[in-house]
Amino acid sequence: MSVPYADLHLQYQTIKDEVDAAIAAVIRDSAFIRGPYVDAFEDAFAAAMEAKHCVSCANGTDALFIAMAALGVKEGDEVITTAHSWISTSAMITHAGGTVVFCDTDASTFTIDPLAIESAITPRTVGIIPVHLYGQSADMDAIMAIARKHQLWVIEDCAQSHMARYKDRQVGTFGNAATYSFYPGKNLGAMGDAGAVVTSDDGLAARMAMLGRHGGLTKHQHKIEGINSRLDGLQAAILSAKLRHLPQWTRARQSAAAIYDAGLNQIKDLEIPYVASNRTHVYHLYTIQHPHRDDLANHLRTNGVQTAINYPVALPFLEAYSRFDHRPEQFPNSHRQQGRILSLPMFAEITADQQNTVIELIHAFA
Ligand SMILES: *Cc1c(COP(=O)(O)O)cnc(C)c1O
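One numbering rule holds for all chains: residues counted from 1, following each sequence as written. Local features in this predicted model are restricted to residues of pLDDT 70 or higher, and side-chain atom pairs are both shown and tallied only at a pLDDT of 80 or more, whereas totals for entire chains, interfaces and linings draw on every residue. To obtain the side-chain values, all non-hydrogen atoms of the structure were used and water was disregarded.

A.B. asks: So what exactly am I meant to see when it comes to the sheet that holds strand β8 (residues 177-181) here?
C.D. replies: In any sheet, the strands associate via hydrogen bonds between backbone groups, in a parallel or an antiparallel arrangement. Taken in spatial order, the seven strands line up as β1-β9-β8-β5-β4-β2-β3 in an open sheet, and their pairing is mixed. Here the strands that pair on one side only, and so sit at the sheet edges, are β1 (53-57) and β3 (99-103). This sheet shows a mean twist of 25 degrees between the axes of neighbouring strands, independent of strand direction. In the sheet, strand β5 (residues 153-157) pairs with β8 via three bridges, with the strands oriented parallel. Following the sheet pairing, I155 is matched in β8 by A177. The pairing criterion is simple: DSSP has to find at least two bridges between the two strands. Numbering of helices and strands starts at the N terminus; helices are DSSP runs of H or I of at least 4 residues and strands are runs of E of at least 2. Simply put, an axis is a line fit to the C-alpha atoms, just over the touching stretch for a helix, and the angle between two N-to-C directions goes from 0 to 180 degrees.

A.B. asks: Would you mind showing me how to read the pairing of strand β11 (residues 341-344) here?
C.D. replies: Residues in a regular strand point their side chains to alternate faces of the sheet. Three exposure classes are used, based on accessible area relative to the maximum for each residue type with a 1.4 Å probe and protein chains only: buried under 20%, partly exposed in between, and exposed over 50%. Along β11, one buried face is formed by I341 and S343 and the opposite face, lined by L342 and L344, is buried too. Pairing of strand β10 (residues 286-289) with β11 involves four bridges; the strand directions are antiparallel. Within β11, the residue paired with Y286 across the bridge is L344.

A.B. asks: For this particular structure, what's the right way to read helix α2 (residues 16-29)?
C.D. replies: Along an α-helix, a turn takes 3.6 residues, which lines up residues three or four apart on a common side. Multiplying 1.5 Å by the residue count of a helix minus one yields the expected span of that helix. Helix length check: α2 (14 residues) gives 20 Å between terminal C-alpha atoms against 20 Å at 1.5 Å per residue, within 8%. Buried within α2 we find V19, A22, A25 and V26. All buried residues of α2 project into a common sector of 125 degrees when viewed along the axis, lining one side. Residues of α2 that are exposed and angled more than 90 degrees away from the buried face: D17 and R28. Contact partners of the buried residues in α2: α1 (8-14), α3 (36-48) and α9 (233-243). One or two residues past the end of α2 sits S30, with phi positive at roughly 50 degrees. The arc refers to the directions leading from the helix axis to the C-beta atoms. Contact criterion: two residues are considered in contact whenever any of their non-hydrogen atoms come within 4.5 Å of each other.

A.B. asks: Explanation requested: the site of the ligand in the structure shown.
C.D. replies: By nearness alone, 13 residues border the ligand, and G60, T61, Q160, S181 and K186 come closest of all. Pairs of N or O atoms within 3.5 Å make up the polar contacts considered here, provided that, within protein, one atom can donate a hydrogen while the other can accept it, and that residues adjacent in sequence are counted only when both atoms are side-chain atoms. Measuring from an oxygen atom of the ligand, one finds a side-chain N or O atom of T61 at 2.5 Å. Q160 places a polar side-chain atom, nitrogen or oxygen, 2.8 Å from an oxygen atom of the ligand. Here, Shrake-Rupley sampling with a 1.4 Å probe gives the accessible areas, and only protein chains in the shown set may cover a residue. Isolated, the ligand exposes 380 Å² of accessible area, and the fraction of that covered by the protein chains is 92%. For the shell around the ligand, the elements supplying multiple residues, two or more each, are α4 (60-70) and α5 (88-95). Amino acid classes used here: Ala, Val, Leu, Ile, Met, Phe, Trp, Tyr, Cys and Pro are nonpolar; Asp, Glu, Lys and Arg are charged; the rest, including Gly, are polar. Of the residues belonging to the shell around the ligand, the class tally is three nonpolar, eight polar and two charged. A molecule or strand has a residue near it when one of that residue's heavy atoms lies within 4 Å.

A.B. asks: Hey, could you run me through the nonpolar core in this one?
C.D. replies: Most often, soluble globular proteins keep nonpolar side chains buried together rather than apart. The biggest cluster of nonpolar side chains holds 31 residues, and the ones touching the most others in it are M68, I129, W153, I155 and M208. Elements that contribute at least two residues to this core include exactly β1, α4, α5, β3, β4 (125-129), β5 and α8 (202-212). Sorting elements by how many residues they give to this core places α4 first, with seven residues. Each of domain 1 (8-243) and domain 2 (246-365) gives at least three residues to this core. Here W153 is in contact with M68, L71, V73, V79, V126, G127, I128, I129 and N176, once residues within four sequence places are set aside. For the purposes of this section, nonpolar cores are sets of buried Ala, Val, Leu, Ile, Met, Phe, Trp, Tyr and Cys residues that join through side-chain atoms within 4.5 Å. What fixes the domain bounds is an automatic or database domain assignment.

A.B. asks: Help me understand a nonpolar patch on the surface, please; the structure alone is not making it clear to me.
C.D. replies: Together, I27, F32 and I33 line one region of the surface with nonpolar side chains, adding up to about 280 Å² of accessible area. Relative accessible area serves as the criterion here: at 48%, I27 is assigned to the partly exposed category. Candidates for patches are residues over 30% relative accessible area with no salt bridge; among them, like charges are joined within 9 Å and nonpolar side chains (Val, Leu, Ile, Met, Phe, Trp, Tyr) within 5 Å. Salt bridges, as used here, are contacts in which a Lys or Arg side-chain nitrogen is within 4 Å of a carboxyl oxygen on Asp or Glu.

A.B. asks: Would you mind showing me how to read the domain arrangement of the protein here?
C.D. replies: Where the parts come together, the accessible area they lose is often given as the size of the interface. For the protein, the assigned domains read domain 1 (8-243) and domain 2 (246-365). With centres defined by C-alpha atoms, the gap from domain 1 to domain 2 works out at 24 Å. Accessible-area loss on putting two parts together, using a 1.4 Å probe and summing over both, is the definition of buried area adopted here. With both sides pooled, the region where domain 1 packs onto domain 2 buries about 3600 Å², and carbon together with sulfur makes up 58% of that total. If you look at where domain 1 meets domain 2, you find zero salt bridges. Here domain 1 is connected to domain 2 by 23 residue pairs in polar contact (both at pLDDT 80 or more). Listed by contribution, the elements that provide at least two residues to the side of domain 1 that touches domain 2 are α1, α5, β3, β6 (165-166) and α9. Here the residues of the side of domain 1 that touches domain 2 are counted per class, giving 18 nonpolar, 19 polar and seven charged.

Written as structure tokens, this is what we have:
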């Protein structure tokens with residue numbers, strides 16, 4: 001049996017009628033840009049994320065840029081973020097005019113280490129961007145305490161963590177704003193590019209909406225210089241249809257993770273994902289660690305199982321950041337993990353048979 005890493009077409013088949021009807025309605029109404037489908041999605045998504053406002057935009061990368069631009073990042077400002085993420089998180093700090101300061105992750109959750117944040121703060125620090133990587137919340141109590149003490153803003157990068165929780169609250173409700181990606185493979189995915197920022201700050205929401213729409217919300221009244229970053233009507237209608245299924249898809253991912261956990265937790269040298277107490281994990285990715293990661297990945301691939309490495313090089317060591325001359329000793333956890341991580345097939349519709357194939361192959365390898 002071959003097992004794909006993800007199966008977007010299978011998900012479409014389970015909700016084909018709803019998605020097809022949504023697309024047909026947008027075409028019938030020619031509501032391609034802004035309009036009722038975008039408004040409806042923004043309202044529904046804000047409510048689902050337990051936030052007051054949702055400002056939709058073209059993708060999760062723009063969401064980060066728009067949030068930072070609206071918070072007033074300027075030349076010389078330092079923004080702290082994690083060494084272990086997708087490059088959007090750090091690249092947008094630079095594009096917003098700031099300076100990237102990386103912090104190592106903690107040893108077990110793949111999320112930013114609050115102790116490292118504390119020691120990275122300087123008089124120029126203005127904000128922190130934690131990433132709830134792979135679907136597990138970062139340590140938000142510790143991060144918010146540091147932010148309050150030093151009067152820093154916090155943007156939560158929730159691109160991989162739709163509906164994950166920290167204690168009794170949903171991620172994305174702790175910081176000043178939270179950014180989401182609806183890239184097709186994300187837990188809530190469009191059929192193309194899409195993104196959003198949510199916030200409960202009225203002023204920030206208004207500035208972000210203006211920034212993403214040429215600097216004004218009324219035609220020809222440009223109050224500031226903005227960019228063009230729009231969620232289109234088709235994606236909005238598709239996302240509204242899919243949002244209704246997100247709670248159930250999240251539970252399905254969690255059940256699939258429990259099957260992997262039970263099947264893999266006794267294997268020597270293999271580490272299954274660790275979930276810290278008081279946090280839920282929504283398993284955008286199910287990422288194990290193994291000292292012979294490349295051999296294991298080859299063994300799985302030759303037997304028909306697709307895997308991925310998210311990400312093969314931690315951010316500080318990418319060519320894009322060679323100007324900083326980062327050394328492995330500065331980021332020991334991320335540096336160690338970049339050679340050990342392997343993401344297994346994970347999607348809401350994965351079957352127990354598919355998972356057992358993966359589990360048996362890993363046992364055979366061990
Ligand atoms: C996917 C992702 C983004 C970027 O989202 P796009 O919609 O692809 O621009 C940002 N941060 C993280 C952590 C991501 O996983």
